[in-house]
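Secondary and tertiary structure notes
One-letter residues, chain by chain:
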Amino acid sequence: MDQLCEKLEDYQALLVLDNFEQVTEAAPHIKTLLQRCPGIQILISSRHILRLDGEHEYPVPTMGIPEATRNLTPAVAQQYEAVSLFIERARSVKPDFALDSDNLQDVMAICRQLDGMPLAIELAASRIRMLGPGKILERLHNSIDFLKRRGNSVVKRQSSMEAAIDWSFDLLEPEEREAFLRFGQCRGGWSINAAEDLLADLESDPFELLESLIDKSLVRMGRGETGEERYFMLNVLAEYCRNRGSALSDQREFLLRYCAHYTGQMRIAMDTRFSEIGAILRDEGANVEYAMDWCTRHGEIDAFSQMLGIVYNPWFAYKTSRDQVDRWLAALLGIDGMTDYQRARLLRFRGVIEFYDRRMNQARDSFIAAKHFLPPGNTEDEAAIMNNLALVYSRLGMPPEEVLELHDACHRLRLEIGSVRTAAQSSANTATLLRSMGRFEEARRAFERMEDEARTADDPMYVSWARRGQAEIMAETGELSQSANIAAAELRNLWNKIEDISAVTAYVILAGRIALQAGRRETVALIAGMVASLEERGVSFGGDTDVLVRFRTESDELAGSAGFDSSRESGMAMSDPEKINSLLSFLDLFGGETG
């Protein structure tokens, strides 16, 4: 070092040091060199931050990639760096390769799947001589094995993605390796709370391990749908970790910890952050889904049931989610040796899916079987099954008075065990049935009771539900302006918090009922179009199913009348925010006009 400093102390020069992560222990010499040679500036490329005084970090981003939602021409797409690199490297092995309308979507998807990583794109493009872009894309589900190349002049660590990542992995300390592999099991990123829980059993501080992986360019920071910080891994890095899952210190123990973390986080979200549940599920839905899939594949029935018992209500709003859970349940129910309580819980979940899918006879049989297997003393589960059976029997034509007795018994049982929130749910079921019987004043009182119970439970979502129920009764009894004003206030409040159309579908139908009774045909047509487009997407409708059926029937009777069909098509073409804005405009205007 002395000789180097003596040589350079009078120089004005830029010193470039490449791949410095190989010799990070030499970082103190950089400080010495800069102190003794004031005319020297140093540019260092490294996968690790050196944390020297005066160091300025310039993170090198991945290449620009086109968004999946953009409809681009080949000429515009190749202006993106990643696409341009793919074309350049493809032509080096197949000179006549051209980006055209036939292969454009596949090439853009390859660049997105590989997160714009230059080496990964080069390796993928090198396969173009044997495979078209579509076939390359198909094979990227196992990109670690696929992304490699031959050649005597190729540096080993650049010969494949696995070798390139091995290079960084081998430079990590043992607990950094463990943390890296654990984070790689996460889907769609993870939060700081997840980092702390998932690394809690390691000796090193979880925050310091996470920060170290960020410094070493193995983890990236960003923000999730809720606006909170989240941490991500590029797809190829995550796949590397998942391929090495067996190298975790205790894979089963870690994945049970993973399941417990996301079960706990979803419980907190459902109890205290339900207004954000749509955004939370967009952030954590992939982690929740992976956890339940892992539980299914490994027969971890208790962990599966605990998680599903918390998230099934918002999840089952979507048909695709119900179908996935139905497959998991079928697999788990085929396992021998489970306890009666485990079987009872799984059967109840299956019944709930069948109820959502309107397979009432199957749902009844599942709930009866669940009741049969439920051991004595599980009062909360007993009340839940009783509630499920009451709803099914009502759909199957049981005399309403007998169904009311079931709802009342369920309500009493829930109050006895101190579950005020679920008691509010029973009050809602009672009110809905009374309304369908035409006993509107009793129904209104039941919704008012629900509102009181929801406020006692400090549950704003159930308060909103109770308020909506009162508004629906007002619409039935001709109090249209009062109904519109409540509906507008509750819809605006809920949408501003959640921005998920599946959470506000009952208000779509309520607005449609008000428009029908007020004779606003154009608005009825718009809302009928909204309903049709949501049903095409598999979105389930909240609120009273009978109200939905009546709206659909009565609005269909107007089809073919002047302007109806074109307005209906306009409603179908609206985006979700446009739907909400249109509904609010109608409700605000109508409530103001008639109030």
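It should be noted that the structure appears before, not after, this text.
Just so you know, these numbers come straight off a predicted model, no measurement behind them. (Residues numbered from 1 in each chain as written. Predicted model: local features only at pLDDT ≥ 70, side-chain atom pairs only at ≥ 80, totals over all residues. Heavy atoms only, no water.)

Observations concerning the overall build of the protein chain
Assigned secondary structure in the protein chain consists of 30 helices and 4 strands. Seen along its three principal axes, the alpha-carbon backbone of the protein chain occupies a region of about 95 × 60 × 50 Å. For the protein chain, with 595 residues in total, the buried portion stands at 48%. Restricting the contact set of the protein chain to residue pairs at least 6 apart, pairs at least 24 apart contribute 67%. (Helix = DSSP H or I, 4+ residues; strand = E, 2+ residues; numbered from the N terminus. Buried < 20%, exposed > 50% of the residue type's maximum accessible area, 1.4 Å probe, protein only. Contact = heavy atoms within 4.5 Å.)

Structural notes on the pattern of salt bridges
Think of it this way: side chains of opposite charge can pair up when their charged atoms draw near. Counted by the stated rule, this structure contains 31 salt bridges. A salt bridge links E451 to R455; the shortest N-O distance between them is 2.7 Å. Taken together, the positions of E451 and R455, both in helix 23 (residues 440-456) and 4 residues apart, correspond to about one turn of that helix. On the accessibility criterion, E451 (12% relative accessible area) is buried. Taken together, the shared-partner salt bridges connect E178, R182, D201 and R257 into one network. (Salt bridge = Lys/Arg side-chain N within 4 Å of Asp/Glu carboxyl O.)

What about the side chain of R182?
Secondary-structure assignment places R182 in helix 10 (residues 174-183). Since its relative accessible area comes to 2%, R182 is described here as buried. Once residues lying within four places of it in the same chain are set aside, the contact partners of R182 are L198, L199, D201, L202, L248, S249 and F254.

Brief notes about the packing of aromatic side chains
To describe a pair of aromatic rings, one takes the distance between the centres and the angle between the planes. A complete count under the given rule lists 11 aromatic pairs for this structure. Geometrically, the ring pair formed by Y258 and Y262 is edge-to-face, given 5.1 Å between the ring centres and 65° between the ring planes. Taken together, the residues Y258 and Y262, both in helix 14 (residues 251-272) and 4 residues apart, mark about one turn of the helix. With respect to class, Y258 is no different from Y262; both count as buried. Through successive ring pairs, a cluster of aromatic residues spans F254, Y258, Y262 and Y290. Residue placement shows R421 over the ring face of Y462; its charged tip is 4.3 Å from the ring centre. (Phe/Tyr/Trp six-rings, centres within 6.5 Å; stacked < 30°, edge-to-face > 60°. Lys NZ or Arg CZ within 6 Å of the ring centre and 35° of its normal.)

Brief notes about helix 2 (residues 27-36)
Restricting attention to buried positions, one finds in helix 2 the residues A27, I30 and L33. Angularly, the buried residues of helix 2 cover 105° about the axis, an arc narrow enough to put them on a single face. For helix 2, the exposed residues set more than 90 degrees away from the buried face come down to P28 and Q35. Against the buried residues of helix 2 lie helix 1 (2-8), strand 1 (13-17) and strand 2 (40-44). (Arc of directions from axis to C-beta.)

Considering the environment of D102
Tracing the chain through its elements places D102 in the loop between helix 4 (81-93) and helix 5 (104-113). With 228 residues separating them along the chain, D102 and A330 place their C-alpha atoms 40 Å apart.

Here we look at helix 26 (residues 505-518)
For helix 26, which comprises 14 residues, the first-to-last C-alpha distance of 20 Å matches the rise-based estimate of 20 Å (1.5 Å per residue) to within 8%. Among the 14 residues in helix 26, 12 count as buried, and that is most of the element. Those residues of helix 26 that sit buried are T505, A506, Y507, V508, I509, L510, A511, G512, R513, I514, A515 and L516. Phi for G519, located one or two positions after helix 26, is positive at around 75°. (Expected span 1.5 Å × (residues − 1).)

Concerning the state of the cysteines
On inspection of all chains with the given rule, the structure shows 0 disulfides. The thiol of C186 is not disulfide-bonded; the next cysteine sulfur, from C241, is found 9.9 Å away. (Disulfide = S-S within 2.5 Å.)

A closer look at a nonpolar patch on the surface
On the surface, a nonpolar cluster with roughly 300 Å² of combined accessible area is contributed by L14, V16 and L43. Take L43: it is sitting in strand 2. Overall, L43 belongs to the partly exposed group, its relative accessible area being 49%. (Patch = residues over 30% accessible without salt bridge, like charges linked within 9 Å, V, L, I, M, F, W, Y side chains within 5 Å. Areas by Shrake-Rupley, 256 points an atom, 1.4 Å probe, with all protein chains shown as cover.)

With respect to unusual backbone geometry
Here the phi dihedral of D115 falls at roughly 55°; this positive angle occurs in a residue that is not glycine. Here D115 lies in the loop between helix 5 and helix 6 (118-125). On the basis of relative accessibility, which here comes to 17%, the residue D115 falls in the buried class. Of note in the backbone geometry, D458 takes a positive phi value of approximately 55° without being a glycine. Look at D458 and you get exposed, because its relative accessible area is 61%.

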